[in-house]
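Structural overview for review
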Amino acid sequence: MNSELASEQTAPLSPARWVPTLYFAEGLPFVAIAMVSALMYKNLGIADAQIAFWTSLVMIPWTLKPLWGPVLEMFKTKKYFVVGTQFIGGVTFGLLALTLPLDGFFRYSLALFAIIAFNGATHDIAADGVYINVLAPKAQAKFVGWQGASYNIAKVFTQGALVYLAGQLETSIGVVHAWMIVMGVFGAVLVLLSLYHAKFLPSGGAATSITTYGEGFATLRDVVLTFFRKKYIGWGILFIILYRFAEGQAIKIVPLFLKAAREQGGIGLSTSEIGIVYGTFGAAAFVIGSLLAGYFIAGRGLRRSLFVLCCFFNIPFAVYAFLAITMPTDLRIVGAAVVCEYFGYGFGFTGLTLFMMQQIAPGKYRMAHYAFATGIMNLGIMIPSMLSGFVSDWLGYRNFFIWVMVATIPSFVITWLVPFRDTEAESADAGSAGGGASGGAGGGRAVGAGNAPGQGEQP
């Protein structure tokens, strides 16, 4: 194991001790805002359009996160920022819980969600920096499955277990106090993770590459320019944005639809039933889909697999149109629909992740360019999510999910047309031109990453 680690530490910790917990911590705040907050506000009486718009808008830091990456390079270590942001995130969730009984709870809690989003985006920069700096290419490939699985365990924990807990508590202590406890649990888990990582997380590298703000902004300028000079980058950006276009329409509305009363066109599930559907059926399907996708891509290669992955990702959204039209009362039918969608989601999302790792990130500033790609991806899903509540109110749930199926068409078109870079040849050419300075790995110092190879080194 030690031979697979970068040489920054004399006694490196096994990645098994920190990769799962690091990416579990990365998933918690994102899923809390992207999915769980919508259901919380629904139960607290906020309108669908307001929920979809504001809980999408506060997620903008995940889009803008590359902009303050150079500043993080100037101070301390990446571990310092990981531990600090986890602790601050935990405290902020606790404060958010205390706002829920107040008259102006919606604006107060949204402000705190915005702080959590900025804090969580900063955590992501530092966490990815630790992963890329500490692990050599072979270990990166080996543990990328752990990374994805741990992130999605956080999704299961939040959208399944904690939503189920909220539903159980709503019937005994009331909606407000139930969600106060759930937000408090988020906070407590993050604080505990910060204490764990203070002991077991590698440093991820010291702040040695950038010493002044001028250097930091000069590096940011170079990061931006080199990103937009990549071959086929326009196609790549369109692909990143459009691949999840339909999901951006649906992601906020699905839990609201499942919760809404039947006379309003919804399925009328309880909060606990939604937790069961997501936390058991959906979770298992997602994990199985993700694992099978890895074997599928390994056997065929990403280029030959991508359109199939796009089909798996987008076509299953039809199950929500089916539910909206038939309005079944049997929870098993609803669960089967969610299984279908989540299996396809897990299977198909792998294609987008590997495209960003293998087609966008390779070259100079690997980690920074991967952060740019994920930022663009989040922008592509944030904007349709902001508008989805208004569209859903206008069309009604049934017609809205029919529209979601129409919204899958751009994804199929761009997936069929997007060209692929020969990143291995480009890397070889850059190594020949740059000599020893480039190290044959794209050269340069990635923002938050050092000059270690990035996650694009996939088998």
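Residues numbered from 1 in each chain as written. Predicted model: local features only at pLDDT ≥ 70, side-chain atom pairs only at ≥ 80, totals over all residues. Heavy atoms only, no water.

**A few points about the overall build of the protein**
Scanning the protein from N- to C-terminus turns up 19 helices and zero strands. For the protein, buried positions account for 57% of its 459 residues. Counted over contacts in the protein with a minimum sequence separation of 6, partners at least 24 positions apart contribute 84%. For the protein, the accessible area works out to roughly 17900 Å², and carbon and sulfur atoms hold 68% of it. (Helix = DSSP H or I, 4+ residues; strand = E, 2+ residues; numbered from the N terminus. Buried < 20%, exposed > 50% of the residue type's maximum accessible area, 1.4 Å probe, protein only. Contact = heavy atoms within 4.5 Å. Areas by Shrake-Rupley, 256 points an atom, 1.4 Å probe, with all protein chains shown as cover.)

**Side note on a nonpolar patch on the surface**
Nonpolar side chains collect at one region of the surface, where Y232, W235, W403, V406, I409, V413, W416 and L417 lie side by side and expose about 800 Å² of accessible area between them. Sorting the residues of the nonpolar patch by element identifies helix 17 (366–406) and helix 18 (409–417) as the ones contributing at least two each. Top element by residues in the nonpolar patch is helix 18. It accounts for four residues. Tracing the sequence through the fold places V406 in helix 17. Judged by relative accessible area, V406 falls into the partly exposed class, the value being 42%. (Patch = residues over 30% accessible without salt bridge, like charges linked within 9 Å, V, L, I, M, F, W, Y side chains within 5 Å. Salt bridge = Lys/Arg side-chain N within 4 Å of Asp/Glu carboxyl O.)

**Section: the pattern of salt bridges**
The tally for this structure, following the rule as stated, stands at four salt bridges. With a closest N to O distance of 2.6 Å, R244 and E247 form a salt bridge. Side by side, R244 and E247 carry an identical accessibility label, which is buried. Between D330 and R332 there is a salt bridge whose closest N-O contact spans 2.9 Å. The class for D330 is partly exposed, based on a relative accessible area of 26%. Overall, the relative accessible area of 65% leaves R332 in the exposed class.

**Side note on the packing of aromatic side chains**
Any aromatic ring pair is given by two values, namely how distant the centres are and how the planes are angled relative to each other. Enumeration according to the criterion identifies 33 aromatic pairs in this entry. Consider the rings of F53 and W54, whose centres lie 5.0 Å apart with planes at 85 degrees: the pair is edge-to-face. The interplanar angle of 85 degrees and the centroid separation of 5.7 Å between the aromatic rings of F355 and F420 together place this pair among those described as edge-to-face. Linking F355 in helix 16 (residues 331–360) with F420 in the loop between helix 18 and helix 19 (423–434), this pair joins segments that are 65 residues apart in sequence. (Phe/Tyr/Trp six-rings, centres within 6.5 Å; stacked < 30°, edge-to-face > 60°.)

**What to know about helix 6 (residues 105–134)**
Taking 1.5 Å as the rise per residue, helix 6 with 30 residues should run 44 Å; its terminal C-alpha atoms sit 42 Å apart, in good agreement. Extensive coverage of helix 6 is indicated by the burial of 24 of its 30 residues. (Expected span 1.5 Å × (residues − 1).)

**Observations regarding the side chain of S392**
Mapped onto the secondary structure, S392 falls in helix 17. Those residues in contact with S392 that lie beyond four places of it in its chain are I253, Y397 and F400.

**Describing empty space enclosed by the protein**
Tallied over the full model, the rule gives eleven cavities of 30 Å³ or more. Computed from the structure, the largest cavity encloses a volume of approximately 150 Å³. Contributing elements (two or more residues each) for the lining of the largest cavity: helix 7 (137–173), helix 11 (245–250), helix 12 (253–259) and helix 16. In this model, the second largest cavity occupies a volume close to 120 Å³. F30, M59, I381, M382 and S385 are, among the 13 residues lining the second largest cavity, the residues nearest its centre. Secondary-structure elements contributing two or more residues to the lining of the second largest cavity are helix 1 (19–43), helix 3 (61–64) and helix 17. Considering each element in turn, the lining of the second largest cavity owes the most residues, four residues, to helix 17. (1 Å grid on protein atoms, 1.4 Å probe; cavity = no way out; pocket = protein on both sides within 12 Å on 5 of 7 lines; lining within 4 Å. Points joined across faces, edges and corners; volume = space filled by probe spheres on them.)

**With respect to the side chain of Q359**
If you trace the backbone, Q359 turns up in helix 16. At a separation of 2.5 Å, a polar atom in the side chain of Q359 contacts the main-chain amide nitrogen of R421. (Polar contact = N/O pair within 3.5 Å; in protein donor to acceptor, adjacent residues only side chain to side chain.)

**Regarding the packing of helix 10 (residues 233–243) against helix 18**
At a minimum axis distance of 9 Å, the contact between helix 10 and helix 18 shows a crossing angle of 150 degrees. Regarding the angle of helix 10 to helix 18, the classification is roughly antiparallel. In terms of crossing hand, the pair formed by helix 10 and helix 18 is left-handed. Along its contact with helix 10, which presents W235, L238, F239, L242 and Y243, the element helix 18 presents P410, S411, I414, T415 and L417. Residue classes in the contact of helix 10 with helix 18 are distributed as eight nonpolar, two polar and no charged. (Axes fitted to C-alpha atoms, helices over the stretch in contact; angles between N-to-C directions. Parallel < 35°, antiparallel > 145°, perpendicular 65-115°, else oblique. Left-handed = near helix turned anticlockwise from the far one by under 90°. Nonpolar A, V, L, I, M, F, W, Y, C, P; charged D, E, K, R; others polar.)

**Considering the confidence of the model for the protein**
Low pLDDT means the predicted coordinates in that region are not meant to be read closely. Predicted confidence across the protein gives a mean pLDDT of 83, with 84% of residues reaching 70 or more. The secondary structure element of the protein with the lowest average pLDDT is helix 19, at 57, and the one with the highest is helix 8 (residues 175–200), at 96. A low-confidence stretch, residues 433–459 (pLDDT under 50), is modelled with 77 contacts involving residues beyond four sequence positions or located in other chains. (pLDDT = per-residue confidence, 0-100.)

**Digging into the nonpolar core**
Generally speaking, soluble globular proteins have nonpolar side chains that are buried together. Judged by nonpolar contacts, the single largest core of 129 residues is most densely connected at Y41, L100, F113, M183, F186, L258 and F401. In contact with L258, not counting residues within four places along its chain, are I267, G268, L269, I274, Y278 and V334. (Core = buried A, V, L, I, M, F, W, Y, C linked by side-chain atoms within 4.5 Å.)

**Some remarks on the packing of helix 13 (residues 271–300) against helix 14 (residues 302–314)**
Taken N-terminus to C-terminus, the directions of helix 13 and helix 14 make an angle of 140 degrees; their axes are 7 Å apart at the nearest point. Classified by the angle between their axes, helix 13 and helix 14 sit oblique to one another. On helix 14, the residues that touch A293, F296, I297 and R300 of helix 13 are L302, R304, S305, V308 and L309. Looking at side-chain class alone, the contact of helix 13 with helix 14 contains six nonpolar, one polar and two charged residues.

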